[in-house]
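Tertiary structure, described
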Amino acid sequence: MIKRISGAIFFVSLCLYRAFSICFLFWACGFFLFAYMVQGYDVPSDMVKTDGIIVFTGDMYRVEESIRLFNSQNPKPMLRISGVREDCIASIKGRSEKISSDNAKDTICNFALSAQWIEENNLHSVRIVTSNYHIPRCAIISMLFWPTGVTKVFHPVYQSALKGSLEQHLRTMFLEYNKLVASIILLLEYTMGVL
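Here we summarise the structure given alongside this text. (Residues numbered from 1 in each chain as written. Predicted model: local features only at pLDDT ≥ 70, side-chain atom pairs only at ≥ 80, totals over all residues. Heavy atoms only, no water.)

1. Some details on the pairing of strand β2 (residues 78-82)
Inclusion rule: Buried residues are those whose accessible area, probed at 1.4 Å on protein chains only, stays under 20% of the maximum for their type, while exposed residues exceed 50% and partly exposed ones sit between those limits. A run of DSSP states H or I qualifies as a helix once it reaches four residues; a run of E qualifies as a strand once it reaches two. Both are numbered from the N-terminal end. For two strands to count as paired, DSSP must find a minimum of two bridges between them.
The buried fraction of β2 is high, at 5 of 5 residues. Residues Met78, Arg80 and Ser82 point to one face of β2 and Leu79 and Ile81 to the other, with burial holding for every one of them. Here strand β1 (residues 52-56) pairs with β2 via 5 bridges, running parallel. Directly across from valine 55, in β2, lies its bridge partner isoleucine 81. The pairing of β2 with strand β3 (residues 99-102) spans 4 bridges and is classified as parallel. The partner of serine 82 across the bridge, within β3, is aspartate 102.

Structural data, given as structure tokens:
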């Protein structure tokens, strides 16, 4: 009897170990693919015109790039700075009535509020300015919120967080990859109820 119980425990432990190993292997392969992919995004030309520009704040370089794009285009597109306090951009907003903002707390909220803004302003094309490592997760989350028929152009910003130490680089990539995995699970659950 004891031998049978020991054998069953060993068998279950072996199955769990193998399942964990397979999951980790998939996770690790996905991580390396993600890290490679986000370094290769092309930055769209300033000549690509859109009705609006949305910047998801986080790193200061994102806002700087969105303002540069806004100033380089004529006629001016509408600009939405998503994820900041009103007092942070008071001086920027004073430059044009076409600049607005919201205080979204996360990427899902960024997209929910931005989709509402797009529909309110009847926009047909929007450039999304965000960090290169943030784009895969944005692409997933946009499937839940993006208004039908509106063209989106992702504009990657390669920034300081990925130009620092190796430790900073790995930490940023690790956190963002795990958020991406969580977003994929959320999308699967929402669209297909697979979990």
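2. Let's talk about a nonpolar patch on the surface
For the record, the criterion: Like charges within 9 Å and nonpolar side chains (Val, Leu, Ile, Met, Phe, Trp, Tyr) within 5 Å are joined into patches, using only residues over 30% in relative accessible area that form no salt bridge. Surface exposure here means Shrake-Rupley accessible area, sampled with a 1.4 Å probe, where a residue is shielded only by the protein chains that are shown. Salt bridge, as used here: a side-chain nitrogen of Lys or Arg that lies within 4 Å of a carboxyl oxygen of Asp or Glu.
Nonpolar side chains collect at one region of the surface, where Ile184, Leu188 and Met192 lie side by side and expose about 260 Å² of accessible area between them. Among the secondary structure elements, leucine 188 is positioned in helix α6 (residues 166-192). For leucine 188, a relative accessible area of 32% puts it in the partly exposed group.

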